[in-house]
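Below are the chains, spelled out letter by letter.
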Amino acid sequence: MSAIDTKLAELGITLPTPSAPVANYVSFVQSGTQLVISGQLPLGADGTVDARFKGKVGGDVTPEVAAEAARLAAINVLAQAQAAVGDLSRIVRIVRLGGFINVAPGFTAVAPVMNGASDLVVAVLGDAGRHARSTVGVAELPLGAAVEVEALIEVA
């Protein structure tokens, strides 16, 4: 078992089966040492977005629940990365995370919501999880999700 597998187990995380794309795109693309993971929603093990993770942050979804959704979306990013390269120990670094937060009008505290994803990748990968990041508030997301997370990862 790799150090990353051990860390996931310590955190009580089991990576789900990666979800299939819902439109005309692929879940990930690897070009050389760069791995791009398409935006991941906070899908549960059943492949759906739990009702708690649907809606507008700052409206019907609290920032704390949205941070949980971001954490789950980041878990799904790691599941896609594992599907792409076979072993998460091949991750050299999370280069960048991109976060899209489905916000109610006037809600601007998107950075703490995205910390749910950032904190997760650092907890799992240590220094290799420290990354650059963009976080933006948006009007809508697929399936009514509160959060979507994408990633650029360097792999060996």
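Residues numbered from 1 in each chain as written. Predicted model: local features only at pLDDT ≥ 70, side-chain atom pairs only at ≥ 80, totals over all residues. Heavy atoms only, no water.

(A) Focus on the overall build of the protein chain. When its secondary structure is counted, the protein chain shows three helices and five strands. Listed by position from the N terminus, the elements making up the protein chain come as α-β-β-α-β-α-β-β. Counting only C-alpha atoms and orienting by the principal axes, one finds that the protein chain spans roughly 45 × 30 × 30 Å. When burial is assessed residue by residue, the protein chain has 42% of its 156 residues classed as buried. In the protein chain, once contacts between residues fewer than 6 apart in sequence are set aside, the share between residues at least 24 apart is 79%. Accessible surface computed for the protein chain: about 7,400 Å², of which carbon and sulfur atoms make up 55%. Put simply, the protein chain has 10 plus and 14 minus side-chain charges, and the middle of one group is 4 Å from the middle of the other. (Helix = DSSP H or I, 4+ residues; strand = E, 2+ residues; numbered from the N terminus. Buried < 20%, exposed > 50% of the residue type's maximum accessible area, 1.4 Å probe, protein only. Contact = heavy atoms within 4.5 Å. Areas by Shrake-Rupley, 256 points an atom, 1.4 Å probe, with all protein chains shown as cover. Lys, Arg positive; Asp, Glu negative; His and termini not counted. Charge placed at Lys NZ, Arg CZ, Asp CG, Glu CD.)

(B) Region of the structure containing the pairing of strand β1 (residues 28–31). As paired elements, β1 and strand β2 (residues 34–40) share four bridges and run antiparallel to each other. Each residue of the ladder has a partner; that of Val 29, found in β2, is Val 36. Count of turn residues in the β1/β2 antiparallel hairpin: two residues, of which Gly 32 carries a positive phi of about 65 degrees. (Pairing = 2+ DSSP bridges.)

(C) The arrangement of the sheet that holds strand β5 (residues 147–155) in detail. Ordered in space as β1-β2-β5-β3-β4, the five strands form an open sheet in which the pairing is mixed. Looking along the sheet, the strands with just one partner apiece sit at the ends: β1 and β4 (132–138). Within the sheet, the average angular offset between the axes of one strand and its neighbour, ignoring direction, is 15 degrees. When strand β3 (residues 91–102) meets β4, the two strands line up parallel, connected through seven bridges. (Axes fitted to C-alpha atoms, helices over the stretch in contact; angles between N-to-C directions.)

(D) Focus on the packing of helix α1 (residues 3–10) against helix α3 (residues 110–125). α3 packs onto α1 with a crossing angle of 125 degrees between their chain directions and a minimal axis gap of 8 Å. Between α1 and α3, the crossing angle belongs to the class labelled oblique. Within the contact between the two elements, α1 uses Ile 4, Lys 7 and Leu 8 and α3 uses Ala 123, Val 124 and Leu 125. (Parallel < 35°, antiparallel > 145°, perpendicular 65-115°, else oblique.)

(E) Just unusual backbone geometry, in detail. The backbone of Leu 143 sits at a positive phi, close to 60 degrees, despite the residue not being glycine. Tracing the sequence through the fold places Leu 143 in the loop between β4 and β5.

(F) Representation of the pairing of β3 within the structure. In the sheet, β3 pairs with β5 via nine bridges, with the strands oriented antiparallel. Bridging from a neighbouring strand, Gly 99 pairs with Val 149 of β5. In this view, the connection linking β3 to its parallel neighbour β4 by way of α3 has right-handed handedness. (Right-handed = clockwise from strand over helix to strand, strands pointing away.)

(G) Layout of a nonpolar patch on the surface. Among the surface-exposed residues, Val 26, Val 29 and Val 36 lie close enough to one another that they form a single nonpolar patch of about 230 Å² accessible area. Following the sequence through the fold, Val 29 ends up in strand β1. (Patch = residues over 30% accessible without salt bridge, like charges linked within 9 Å, V, L, I, M, F, W, Y side chains within 5 Å. Salt bridge = Lys/Arg side-chain N within 4 Å of Asp/Glu carboxyl O.)

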